[in-house]
Amino acid sequence: LQTEASIQAVRGGGKGDVTKTHVLWKLKNKAPDHLVSPLLVDGRLLLVKSGGLSSCFEAARGKRLWLKERIGNPGDHLASPVSGDGKIYVTGENGVVVVLAAGPELKVLAKNDLAETCIATPAIADGRLFIRTRTTLFCVGSSPEKGKE
């Protein structure tokens, strides 16, 4: 049994086999394999796979914005990307966090090396980014203004 590589959008609801009634779009052989969880931001679906390859599609129509372009960290990616403050954070197993602009074009804003293995998906809360490596929990955020603590 051979499976077909694809990415697709399926409308929720319905009963039974909804293949003919609820599939909004399907792109055959266009999705990179070995993906972490996709990220939906501003109507765009971002996919990241091991090797640091990313693809992005308009979620409503499946229009490709970019396909299998490198984000600048060629290692394995097991943590899912997260979004906050107009940015996307992609954490590699090698501890490198790539910061992307949350826009329709691939734009790398920064790369930060935590110098330690990281397989956990970062968390965002109260304006801070929490990243857990093998032995350390990092908290990234701006300091509160004096008198506004």
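Notes on the structure in this doc start here. Because the structure is a prediction, the values reported are computed rather than measured.

## Examining the layout of surface pockets
Taken as a whole, the largest pocket holds about 340 Å³ of empty space. Sorting the residues of the lining of the largest pocket by element identifies β8 (87-91), β9 (96-101), β10 (108-113) and β12 (128-132) as the ones contributing at least two each. Its residues placed into classes, the lining of the largest pocket shows ten nonpolar, four polar and three charged.

## Section: the pairing of β12
Side chains Leu129 and Ile131 of β12 all project onto a buried face; the interleaved residues Arg128, Phe130 and Arg132 project onto a face where none is buried. Judged from the three bridges that link them, strand β11 (residues 123-125) and β12 form a sheet pairing that is antiparallel. Across the sheet, the residue bridging to alanine 125 is arginine 128, located in β12. Between the antiparallel neighbours β11 and β12 lie two residues, among them aspartate 126 with a positive phi of about 50°. Of the pairings in the sheet, the one linking β12 to strand β13 (residues 137-140) comprises four bridges and is antiparallel in character. When the bridges of β13 are listed, phenylalanine 130 appears paired with cysteine 139. Taken together, β12 and the strand that follows it, β13, pair antiparallel across an intervening segment of four residues.

## Things to note about the sheet that holds β8
Read across the open sheet, the four strands follow the order β7-β8-β9-β10; overall the sheet is antiparallel. Of all the strands in the sheet, just β7 (82-84) and β10 have a single pairing partner and so form its edges. The sheet shows a mean angle of 25° between the axes of neighbouring strands, direction not considered. Where β8 meets β9, five bridges bridge the pair, whose relative direction is antiparallel. Bridging from a neighbouring strand, tyrosine 89 pairs with valine 99 of β9.

Analysis parameters
- Residues numbered from 1 in each chain as written.
- Predicted model: local features only at pLDDT ≥ 70, side-chain atom pairs only at ≥ 80, totals over all residues.
- Heavy atoms only, no water.
- 1 Å grid on protein atoms, 1.4 Å probe; cavity = no way out; pocket = protein on both sides within 12 Å on 5 of 7 lines; lining within 4 Å.
- Points joined across faces, edges and corners; volume = space filled by probe spheres on them.
- Helix = DSSP H or I, 4+ residues; strand = E, 2+ residues; numbered from the N terminus.
- Nonpolar A, V, L, I, M, F, W, Y, C, P; charged D, E, K, R; others polar.
- Buried < 20%, exposed > 50% of the residue type's maximum accessible area, 1.4 Å probe, protein only.
- Pairing = 2+ DSSP bridges.
- Axes fitted to C-alpha atoms, helices over the stretch in contact; angles between N-to-C directions.

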